[in-house]
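Chain residues, written in single-letter form:
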Amino acid sequence: MPRQRIDMTPDEIDAFLAGKHVAIVGTIAMDGAPDGDPAAFSWVTRQALFVVALGGPVHRNLLRDPRVVCSVEEFPSYAGIKGVAVHGTAALLSERGGRATFRVDGARIESFDFARMRR
Amino acid sequence: MVPSPVAEAFLREHTRTFLVTLRSDGAPTCHPMVGFWRDGALWLNTYRKSAKARNLMRSPHVACVVVTDDDDPRFRGVVLRGRAEIVDSAAPLGSGTARPPAVGGDVARLVQARLAEGKRVMVRIVPDEMRLVGEHG
């Protein structure tokens, strides 16, 4: 039986991400294993931007290996679970004021909305 | 490793967990989940055939980010990195944690049934390292 589709439309993704300001950023650490950290997040003209501490784990990891994922979700109830993951390559935009700002290029987006599940 | 008292107290009180694994192409991916801290490990459950289960069976090194709600005025969390293992048992969900499961009773019962059938599996993550995020004071 084909798996039911529970992903969001591009407009739904825009609306969902427009209201989100925190993402969990997944990276690859120096030891080759995954790492993660929260980051300030924004979704601007269908591009993911995030800001992390200069010299922190995410900044250091991405300067060495720019592969990245930004994960955003909400969980008001089980039926209301929604999430978006933006996979791509992190491009460094600025380093100032103790913060590093990145954009996710070549983004591939995955999304889910549990309200679409048949029950 | 033995977590700091602050980290352990936070993990006992919070279940909002993001699991970071590596895909088959080596890139990171991230899965929102519910995690429970018990006996020095973080416990998750998922479908045996899920992408996250396949990822951690291929590459068991993972990171977990356990955080408060995004709009918490004291947003904070714990990042733990370690090794994941699949545990084939229907261990009780959420027992031993200060906070009850973040799902309703019907969902919890369905998950227990899927665990008993072997369609879902428990994932145990023993941390090698841990760090605090935000102000925990």
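Given the structure is predicted, the values throughout are model-derived calculations rather than measurements. (Residues numbered from 1 in each chain as written. Chains lettered and ligands numbered in written order. Predicted model: local features only at pLDDT ≥ 70, side-chain atom pairs only at ≥ 80, totals over all residues. Heavy atoms only, no water.)

A look at the overall build of chain A
So, step 1. Per the secondary structure count, chain A includes 2 helices and 6 strands.
So, step 2. Counting from the amino terminus, chain A carries its helices and strands in the arrangement α-β-β-β-α-β-β-β.
So, step 3. Summarising its shape, the C-alpha atoms of chain A cover approximately 45 × 30 × 25 Å along the three principal directions.
So, step 4. Expressed as a percentage of the 119 residues in chain A, the buried residues total 48%.
So, step 5. Of the accessible surface of chain A, which amounts to about 6000 Å², a share of 54% is contributed by carbon and sulfur atoms.
So, step 6. Seen as two clouds, the 15 positive and the 14 negative side-chain charges of chain A have centres 2 Å apart. (Helix = DSSP H or I, 4+ residues; strand = E, 2+ residues; numbered from the N terminus. Buried < 20%, exposed > 50% of the residue type's maximum accessible area, 1.4 Å probe, protein only. Areas by Shrake-Rupley, 256 points an atom, 1.4 Å probe, with all protein chains shown as cover. Lys, Arg positive; Asp, Glu negative; His and termini not counted. Charge placed at Lys NZ, Arg CZ, Asp CG, Glu CD.)

A look at the nonpolar core
So, step 1. Ranked by internal contacts, the top residues of the largest apolar core, which has 23 residues, are Leu17, Phe41, Phe50 and Cys70 of chain A.
So, step 2. Residue contacts for Leu17 of chain A: discarding those within four places in its chain leaves Phe41, Trp43, Val72 and Val84 of chain A.
So, step 3. In this structure, Leu42, Ala84, Ile125 and Met130 of chain B belong to the second largest nonpolar core, which totals 18 residues. (Core = buried A, V, L, I, M, F, W, Y, C linked by side-chain atoms within 4.5 Å. Contact = heavy atoms within 4.5 Å.)

Describing the sheet that holds strand E1 (residues 22-28) of chain A
Residue and element names in this part refer to chain A.
So, step 1. Strands sit in the order E1-E2-E3-E6-E5-E4 around a closed barrel of 6 strands; the barrel is antiparallel. If you compare each strand with its neighbour and ignore which way they point, the axes differ by 40° on average.
So, step 2. Where strand E4 (residues 67-74) lies against strand E5 (residues 82-96), 8 bridges are found, and the strand directions are antiparallel. Across the sheet, residue Glu74 finds its bridge partner in E5, namely Lys82.
So, step 3. Across the sheet, helix H1 (residues 10-18) touches strand E2 (34-44), E4, E5 and strand E6 (99-113), and the angle it forms with E5 is around 60°.
So, step 4. Against the sheet, helix H2 (residues 57-64) contacts E1, E2, strand E3 (47-53), E4, E5 and E6, and its axis sits at roughly 45° relative to E1. (Pairing = 2+ DSSP bridges. Axes fitted to C-alpha atoms, helices over the stretch in contact; angles between N-to-C directions.)

A word on the pattern of salt bridges
So, step 1. Here the structure, examined in full by the defined rule, presents 21 salt bridges over all chains.
So, step 2. Residue Arg131 of chain B pairs with Asp37 of chain A through a salt bridge whose shortest N-O separation is 3.1 Å. With one member in each of two chains, Arg131 of chain B in strand E7 (residues 120-133) and Asp37 of chain A in strand E2 form a pair that bridges those chains.
So, step 3. The exposure class of Asp37 of chain A is buried, given its relative accessible area of 10%.
So, step 4. Note that Glu117 of chain B and Lys119 of chain B form a salt bridge whose closest N and O atoms lie 3.8 Å from each other.
So, step 5. Owing to a relative accessible area of 46%, Glu117 of chain B belongs among the partly exposed residues under this scheme.
So, step 6. Through salt bridges with shared partners, a single ionic network connects Asp31, Asp35 and Asp37 of chain A together with Arg81, Glu129 and Arg131 of chain B. (Salt bridge = Lys/Arg side-chain N within 4 Å of Asp/Glu carboxyl O.)

So, the interface of chain B and chain A
So, step 1. The interface of chain B with chain A comprises 28 residues on the first partner and 25 residues on the second.
So, step 2. For the pair chain B and chain A, the summed buried surface comes to about 2200 Å²; carbon and sulfur atoms form 64% of the total.
So, step 3. If you sort the residues of chain B by the area they bury against chain A, Pro28, Arg81 and Arg131 of chain B come out on top, with a joint share of 24%.
So, step 4. At the boundary of chain B and chain A, one finds 5 salt bridges.
So, step 5. Ionic pairing is found between Arg131 of chain B and Asp35 of chain A, a salt bridge with its closest N-O pair at 3.0 Å.
So, step 6. Along the contact surface separating chain B from chain A lie 9 residue pairs in polar contact (both at pLDDT 80 or more).
So, step 7. Residue assignment for the side of chain B that touches chain A shows that the elements contributing at least two residues are strand E1 (16-22), strand E2 (28-34), strand E5 (61-67), strand E6 (77-87) and E7 of chain B.
So, step 8. Here the side of chain B that touches chain A is built from residues that sort into 18 nonpolar, 4 polar and 6 charged. (Buried area = accessible area lost by both parts, 1.4 Å probe. Polar contact = N/O pair within 3.5 Å; in protein donor to acceptor, adjacent residues only side chain to side chain. Nonpolar A, V, L, I, M, F, W, Y, C, P; charged D, E, K, R; others polar.)

Thoughts on the sheet that holds strand E3 (residues 36-38) of chain B
All names here are of chain B.
So, step 1. Taken in spatial order, the 7 strands make up an open sheet running E2-E1-E5-E6-E7-E4-E3, and their pairing is antiparallel. Only two strands of the sheet have a single partner each, and these edge strands are E2 and E3. Pairs of neighbouring strands in the sheet enclose a mean axial angle of 35°, with direction left out of account.
So, step 2. The sheet contact formed by E1 and E2 spans 7 bridges and is antiparallel. The residue of E2 that forms the bridge with Thr17 is Met33.

Looking at the pairing of E7 of chain B
Residue and element names in this part refer to chain B.
So, step 1. Judged from the 6 bridges that link them, strand E4 (residues 41-47) and E7 form a sheet pairing that is antiparallel. Bridged to Thr46 within E7 is Val121.
So, step 2. Bridge count between E6 and E7: 11 bridges; the pairing is antiparallel. Along E7, the bridge assignment pairs Val78 with Leu132.

Some details on the environment of Leu17 of chain A
All names here are of chain A.
So, step 1. The residue Leu17 is located in helix H1 in this model.
So, step 2. Its relative accessible area of 1% is what places Leu17 among the buried residues.
So, step 3. For the pair formed by Leu17 and Trp43, sequence separation is 26 residues and the distance between their alpha carbons is 6.0 Å.

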